[in-house]
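This is what each chain is made of:
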Amino acid sequence: MDSGGLIMHVNDGADAPYWNGLAEGRLLLPRCGGCGRWMWPAMNRCGACGSEDVEWIQREMRATIFSWTRTWHRFGYTESLDLPFVSIVATVADCGIRLLGRLDDPDQVDPVIGEGIAGRIGATRVGTRDIPTIIWSRG
Amino acid sequence: MHPLYGTTAVAGIGMRQYRRGASPLPEQGALVEAILTACADAGFDPADVDGFVSYGDDKNEPVRLMPALGTRELKWSSVVWGGGGGGIAGAFGLAAAAIVSGQASAVIVFRALVEGSSGRLSAAVMAHHLNDHMLAAGIVAPAQVCAIRANRMYEHHGVPRSVAEELVRASYYHGSRNPEAIAYGTDIDLDEMRDSRWIAEPFRLFDCSRENDGAAAFLMVSAERARDLKKAPAYLLGCANGAERGWGDLLENDDEALYPTAGFRPIARRLYADTGLTPSDIDVIQLYENFSAQGVASLIDHGFCTYENVAEVVRFENLIAPTGKLPVNTGGGNFAQGFIHGIGTAYEAVKQLRGESANPVPDAKLCLLAGGPGAPTVSSAIFGNEIP
């Protein structure tokens with residue numbers, strides 16, 4: 001199944017530096033150059049102070065689990081993922097931005113909100129594309 | 001008094017509903033039938049309808065309906081933004097805005113959904129929302145987004161998971177007694193419900209709404225005009241639509257306190273302020289439940305309970321008509337009445353206020369219609385069979 005046409009693609013939005021960063025092996029996240037606020041989703045203007053100066057700052061791939069779900073149903077576009085799989089919202093350390101990602105789930109132990117996790121850069125195949133993503137593990 | 005307070009009313013209703021994939025008519029045909037039924041219900045000439053409002057990706061542009069309806073002149077044609085069912089109550093507010101401002105005089109609010117014509121609803125909803133961040137995480141369906149938020153509500157905010165079952169049971173109880181419901185005549189099997197397959201934890205199959213084929217239509221006119229038509233008016237007393245800062249970003253970075261909510265805090269605030277009503281004034285609730293946990297979150301947002309006392313309020317016995325103090329989804333709701341993108345909840349709101357519900361709430365005067373919870377933009381409305 002090709003998801004083309006329906007959705008926004010990598011590298012044509014305000015978050016292009018994020019995707020380019022992952023491709024280069026780095027986690028880059030946007031911070032307002034005017035007021036220092038972390039901004040996510042990425043934007044071209046800070047709604048809080050009005051600055052259009054966006055800085056992309058490297059962060060370590062360390063986070064805590066904000067919330068999670070374990071998917072058992074075969075939804076379209078998830079064909080490349082073995083069922084069940086765990087998706088999480090991860091709060092990135094030293095900035096507070098939350099990222100969607102996948103969590104290794106070898107023993108099907110339920111994630112705990114607040115649990116510390118570490119990430120590595122991988123990819124998810126969707127249709128004919130490999131979308132870079134952070135795959136998180138506990139400990 | 002707010003300009004929407006008691007100035008317009010639903011004068012006629014019509015619905016056609018079938019199992020998913022089983023509509024005998026294409027989508028536009030089912031919709032035209034529903035509109036004609038709504039007009040006949042009110043004793044109103046369908047050719048005199050001059051406005052149309054829908055929400056959530058309906059494919060039926062009103063101008064295309066004119067030949068079949070015999071419409072003389074189209075004066076208002078609009079839709080509430082947003083891909084989910086968040087706009088359902090807002091659609092009535094939009095129709096009322098047209099009437100109160102004199103831009104149209106007889107407006108049909110509608111939603112039609114026939115899978116053979118327009119595909120699966122869940123896919124249409126997600127087409128609004130999907131981005132590469134979600135795809136890469138394997139998050140592709142409304143059930144998964146709502147599941148992540150539900151886990152946060154259960155684990156972090158201490159809402160007991162058992163309340164979801166209470167809500168689902170109440171919907172099925174009502175639906176099994178409603179001849180117009182898909183679940184009519186079938187009592188829910190608790191073991192089957194509890195052992196049903198996982199979709200996305202914490203949701204099993206029975207925590208998820210259905211999808212059905214069909215259409216429903218509501219004729220709205222001024223309150224004064226409604227009083228001269230065939231059926232007793234269901235007055236619109238208030239309506240609020242929108243989102244507040246810190247909600248609706250699609251990448252799960254909502255304000256932390258708002259994250260596990262259904263997005264209705266600002267909507268409820270405005271709705272109660274505009275109408276001068278409070279949760280204790282509401283006699284019956286038609287609650288859009290896409291998923292069980294979001295239905296519970298919506299009840300909390302609207303002030304019917306709190307994180308602390310939710311288990312005392314959201315109990316099966318308390319939610320069912322005629323004896324419960326907080327009757328919810330008396331037609332069966334999206335779980336059991338049927339799911340044409342939630343429009344059945346508005347249908348039951350009017351039936352209940354007319355005394356035509358299969359599960360009547362004794363002396364019901366005010367009904368809250370809560371739109372699709374968890375959507376980036378949400379809406380709610382209060383209807384009454386009198387103007388308090």
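Nothing here was measured: the structure is a model prediction, and the numbers come from that model.

A short note on the overall build of chain B
Now for step 1: A tally of regular secondary structure across chain B gives 16 helices and 11 strands.
Now for step 2: Taken along its principal axes, the extent of the C-alpha atoms in chain B is 55 × 45 × 45 Å.
Now for step 3: Put simply, 78% of the contacts in chain B that link residues at least 6 apart link residues at least 24 apart.
Now for step 4: Approximately 13000 Å² of chain B is accessible, and the part contributed by carbon and sulfur atoms is 50%.
Now for step 5: Put simply, chain B has 31 plus and 45 minus side-chain charges, and the middle of one group is 2 Å from the middle of the other.

Comments concerning the interface of chain A and chain B
Now for step 1: Listed per partner, the contact involves 43 residues of chain A and 33 residues of chain B.
Now for step 2: The three residues of chain A that bury the most area against chain B are A:Phe66, A:Arg98 and A:Leu100, which together make up 20% of that side's buried surface.
Now for step 3: Counting every contact that joins chain A to chain B gives two salt bridges.
Now for step 4: Between B:Asp132 and A:Arg129 there is a salt bridge; the shortest N-O distance is 2.9 Å.
Now for step 5: Our enumeration of links across chain A and chain B arrives at 19 residue pairs in polar contact (both at pLDDT 80 or more).
Now for step 6: Those elements that provide at least two residues to the side of chain A that touches chain B are helix 1 (16–23), strand 3 (62–71), strand 4 (85–92), strand 5 (98–103), strand 6 (116–126) and strand 7 (129–138) of chain A.
Now for step 7: Per-element accounting of the side of chain A that touches chain B gives the leading share, six residues, to strand 3 of chain A.
Now for step 8: Each residue belonging to the side of chain A that touches chain B can be placed in one class, and the counts come to 24 nonpolar, 13 polar and six charged.

Here's the deal with the environment of B:Arg169
Now for step 1: Assignment of secondary structure puts B:Arg169 in helix 8 (residues 162–176).
Now for step 2: Apart from residues no more than four positions distant in its own chain, B:Arg169 is found in contact with B:Leu190, B:Met193 and B:Phe316.

Topic: the packing of aromatic side chains
All names here are of chain B.
Now for step 1: One pass over the structure, following the stated rule, counts 10 aromatic pairs over all chains.
Now for step 2: Aromatic side chains Phe52 and Phe110 sit 6.5 Å apart centroid to centroid with 75° between the ring planes, which places their arrangement in the edge-to-face category. One end of the pair, Phe52, is in strand 2 (residues 51–55); the other, Phe110, is in strand 4 (residues 107–113), with 58 residues separating them in the sequence.
Now for step 3: The exposure class assigned to Phe52 is buried, which follows from its relative accessible area of 0%.
Now for step 4: Relative accessible area serves as the criterion here: at 1%, Phe110 is assigned to the buried category.
Now for step 5: Centre to centre, the rings of Tyr288 and Phe339 are 5.7 Å apart; their planes meet at 85°, and the pair counts as edge-to-face. With a gap of 51 residues between them, Tyr288 in the loop between strand 9 (284–287) and helix 12 (292–301) and Phe339 in the loop between helix 15 (333–336) and helix 16 (343–354) connect regions that are remote in the sequence.
Now for step 6: The class of Tyr288 is buried, set by a relative accessible area of 3%.

About the cut-offs
- Residues numbered from 1 in each chain as written.
- Chains lettered and ligands numbered in written order.
- Predicted model: local features only at pLDDT ≥ 70, side-chain atom pairs only at ≥ 80, totals over all residues.
- Heavy atoms only, no water.
- Helix = DSSP H or I, 4+ residues; strand = E, 2+ residues; numbered from the N terminus.
- Contact = heavy atoms within 4.5 Å.
- Areas by Shrake-Rupley, 256 points an atom, 1.4 Å probe, with all protein chains shown as cover.
- Lys, Arg positive; Asp, Glu negative; His and termini not counted.
- Charge placed at Lys NZ, Arg CZ, Asp CG, Glu CD.
- Buried area = accessible area lost by both parts, 1.4 Å probe.
- Salt bridge = Lys/Arg side-chain N within 4 Å of Asp/Glu carboxyl O.
- Polar contact = N/O pair within 3.5 Å; in protein donor to acceptor, adjacent residues only side chain to side chain.
- Nonpolar A, V, L, I, M, F, W, Y, C, P; charged D, E, K, R; others polar.
- Phe/Tyr/Trp six-rings, centres within 6.5 Å; stacked < 30°, edge-to-face > 60°.
- Buried < 20%, exposed > 50% of the residue type's maximum accessible area, 1.4 Å probe, protein only.

Fair warning: the whole summary comes from geometry, so function is off the table for now.
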